[in-house]
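# Close look at the chain arrangement
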Amino acid sequence: MKKILLILPTMLVMSCDSYLDEEPIDFLSEGQFYQTEDDAIAVVNAAYEPFATSAYYGQQFFAQVEMKAEYCLGRGSHQPPGVYELDSRNIDRIAGIWRSAYLSINRANAAIARVPAIEISEDVKARTIAEAHFVRALNYFNLVRLWGPVPLQKEEIDAIVDFSFPRAPVAEIYELILEDLLVAEDGLKLKSEQTAPTELFRATVGAAQLLLADIYLTLERYNEAQQKAQEVIGSGEYFLEPVLLDVYDVNRQTTSEDVFSIKFSRIDGQGSSLPVYTHNVNAGYSSSGFRTILGNTESFLSTWDAEDFRRNLNLYNTPEDSVFLTASEPILYKKYIDSEAQGNHGNDFPVYRYPYALYVFAEAEIRGTGTLSAQGLEYINMIRRRAYGRDISTPDPTVDFAAGLTSEEYLDIIFDERGKEFLLECKRWFDMLRYDRVEELLIASGFNYAPRVLLWPIPQEEIDNNEALTQADQNPGW
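Residues numbered from 1 in each chain as written. Predicted model: local features only at pLDDT ≥ 70, side-chain atom pairs only at ≥ 80, totals over all residues. Heavy atoms only, no water.

### Observations regarding the overall build of the protein chain
Note the threshold: Here a helix means four or more residues in a row that DSSP labels H or I, a strand means two or more in a row labelled E, and each is numbered from the N terminus. In this setup the radius of gyration rests on C-alpha atoms only. A globule is expected at 2.2 Å times the number of residues raised to 0.38. Partly exposed residues are those whose accessible area sits between 20% and 50% of the maximum for their type, while under 20% is buried and over 50% is exposed, using a 1.4 Å probe and protein chains only. Two residues qualify as a contact provided that any one of their heavy atoms is within 4.5 Å of a heavy atom in the partner residue.
The helix and strand tally for the protein chain stands at 17 helices and 6 strands. Computed over C-alpha atoms, the radius of gyration of the protein chain comes to 22 Å, within 12% of the 23 Å expected from 2.2 N^0.38 for 478 residues, which places it in the range of a compact globule. Here the protein chain holds 478 residues, and the buried ones make up 59% of them. Restricting the contact set of the protein chain to residue pairs at least 6 apart, pairs at least 24 apart contribute 70%.

See the structure below:
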């Protein structure tokens, strides 16, 4: 009989100032917990915590998803996924992402099940339950896009159990995700209501709305995608930062375009690996540097306009930088910099920034109506102007995209611009899928294409321990 032991999620709360102000909770019985407002907050904080671990957004999710994009190559032990040939070590790393996502889901399930019975203020209760629904939705959105049908766990598992969850149809997974986000949208706070720095990691109304917009776009529900994107745009909560470099300033706790990000700090065990995975240690941009992720010369990186500030932000490009570029490493990434860190980098990972809403609006409008309105074109051009150092609100024919192009031309523009705007933010691969351009771009970028690259392998430990799965449930080609 296959069985699995899952520790009660709330007992795994880590003492991390980015996520918790409470004392760590260890080995409390169920009867001692779920009693107070602090308990309710602690259980939902525990659901967020796996996002910030090295197995998830702190390192491997970032690395493995980015290396699925055609513009990235891997170095060292990460070389195989960069050429779409996973070895056992990287399959284990991908399995770590799966485990982290389900750990977060289980903790969210605990909050959803337990918090309603705690006698606390209705405001705190509604917010914590809404956050748990958001966390569960984001995890399942990641899982379903990367693995396809996955086990759908909707209830807390807190003991040794007969573990039997079949792979649910993709449509059923999206149904739960959308249900979760409608609850989240109704109960979350506005970003402007997050008055304490220690609250900035929490999901907000805008985060739920933009995640909904992204999902509606993925599901080809274009009118709803456009509507949700416009709600974010029209909320008055978010704006484009006039100076592009300010968006990634490691010393800023948030920015006007930060809709939802994974927060990191320079405290031991709570830092990010983003700079470590991109930099040459001798360049001085991080405390160490493995150059794990390299740029592919057979991509748009080699023809990127030097006048575009995003190129200067993202790539080693100055004369000082050039000494670190070699024939075997001709393109290095520069986006995430933390030269003051001592092994623990404070770079937050931007899951959703305000420009994402602008692009979703425009793309959904084109796909839904066959045309791009003047407003949609303005949204695209606002981001474009900032990229070229122009005033965001002032039309500039020297950089603006023109009116009157075909819908296909505008879709190509959005695809190209999103690639530059969200480089190293885990968006490109999902754009390639949505545009059905995976095979085309992989071949054009010097790779062999095989259908199995579309989905990751289901972890073997899941097949071994889940009574509802057999080897026949493995994704094709793995």
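### Topic: a negative patch on the surface
Cut-off, in case you're wondering: To count toward a patch, a residue needs a relative accessible area over 30% and no salt bridge; like charges are then connected within 9 Å, while nonpolar side chains (Val, Leu, Ile, Met, Phe, Trp, Tyr) are connected within 5 Å. Every accessible area reported is derived by Shrake-Rupley at a probe size of 1.4 Å, with residue values counting cover from the shown protein chains alone. One side-chain nitrogen of Lys or Arg within 4 Å of one carboxyl oxygen of Asp or Glu is enough to make a salt bridge. His is not counted here, nor are the chain ends, while Lys and Arg score as positive and Asp and Glu score as negative. For the purpose of locating charges, the reference atoms are NZ of Lys, CZ of Arg, CG of Asp and CD of Glu.
Where like charges cluster on the molecular surface, the negative patch consists of Glu37, Asp38, Asp123 and Glu193. Relative to the helices and strands, Asp38 is located in helix 1 (residues 37-48). Given the relative accessible area of 47%, Asp38 is considered partly exposed.

### Structural notes on the confidence of the model for the protein chain
How we decide: Each residue carries a pLDDT value, the predictor's own confidence for that position, ranging from 0 to 100.
Here the protein chain averages 93 in pLDDT, while 93% of its residues score no lower than 70. Long-range and interchain partners of residues 1-29, a stretch whose pLDDT sits below 50, account for 83 contacts in this model, where long-range means more than four residues apart.

### Some remarks on the nonpolar core
The criterion, for reference: As used in this record, nonpolar core signifies buried Ala, Val, Leu, Ile, Met, Phe, Trp, Tyr and Cys residues forming a set joined through side-chain atoms within 4.5 Å.
Among the nonpolar cores identified, the biggest contains 141 residues, and Phe134, Tyr140, Trp147, Ile177 and Phe349 are the most heavily contacted of them. The contact partners of Ile177, leaving out residues within four places of it in the chain, are Ala137, Tyr140, Phe141, Val144 and Ile215. Membership of the second largest hydrophobic core comes to 6 residues, among which are Tyr285, Leu294, Tyr316 and Leu332.

### Some points on the packing of aromatic side chains
The test is simple: Only centres within 6.5 Å qualify two rings of Phe, Tyr or Trp (six-membered ring in Trp) as a pair; their planes then separate them into stacked at under 30 degrees, edge-to-face at over 60, and tilted for everything else. By definition, being over a ring means that NZ of Lys or CZ of Arg is both within 6 Å of the ring centre and within 35 degrees of the ring normal.
Tallying each qualifying case throughout the model produces 28 aromatic pairs. Measuring from centroid to centroid gives 6.5 Å for Tyr71 and Tyr333, while their planes differ by 65°, and the two rings are edge-to-face. Placement of Tyr71 in the loop between helix 2 (60-66) and strand 2 (72-74) and of Tyr333 in the loop between helix 11 (319-322) and strand 6 (349-353) is noted, with a sequence separation of 262 residues between them. We note that Tyr71, like Tyr333, is buried. An angle of 85° between the planes, with centres 6.2 Å apart, marks the rings of Tyr102 and Tyr140 as edge-to-face. Here Tyr102 is found in helix 4 (residues 88-114), whereas its partner Tyr140 is found in helix 5 (residues 122-147), with 38 residues between them in sequence. Each member of the pair Tyr102 and Tyr140 is classed as buried. In this structure, Lys68 is placed above the aromatic ring of Trp429, and the distance from its NZ or CZ to the ring centre is 4.2 Å.

### Description of helix 5
Worth spelling out the cut-off: Multiplying 1.5 Å by the helix residue count minus one yields the expected span of that helix.
Here helix 5 is 26 residues long and its end C-alpha atoms lie 37 Å apart, about the 38 Å a rise of 1.5 Å per residue gives. With 23 of 26 residues buried, helix 5 lies mostly within the body of the structure. Once helix 5 finishes, Gly148 follows within two positions and takes phi at roughly 80°, a positive value.

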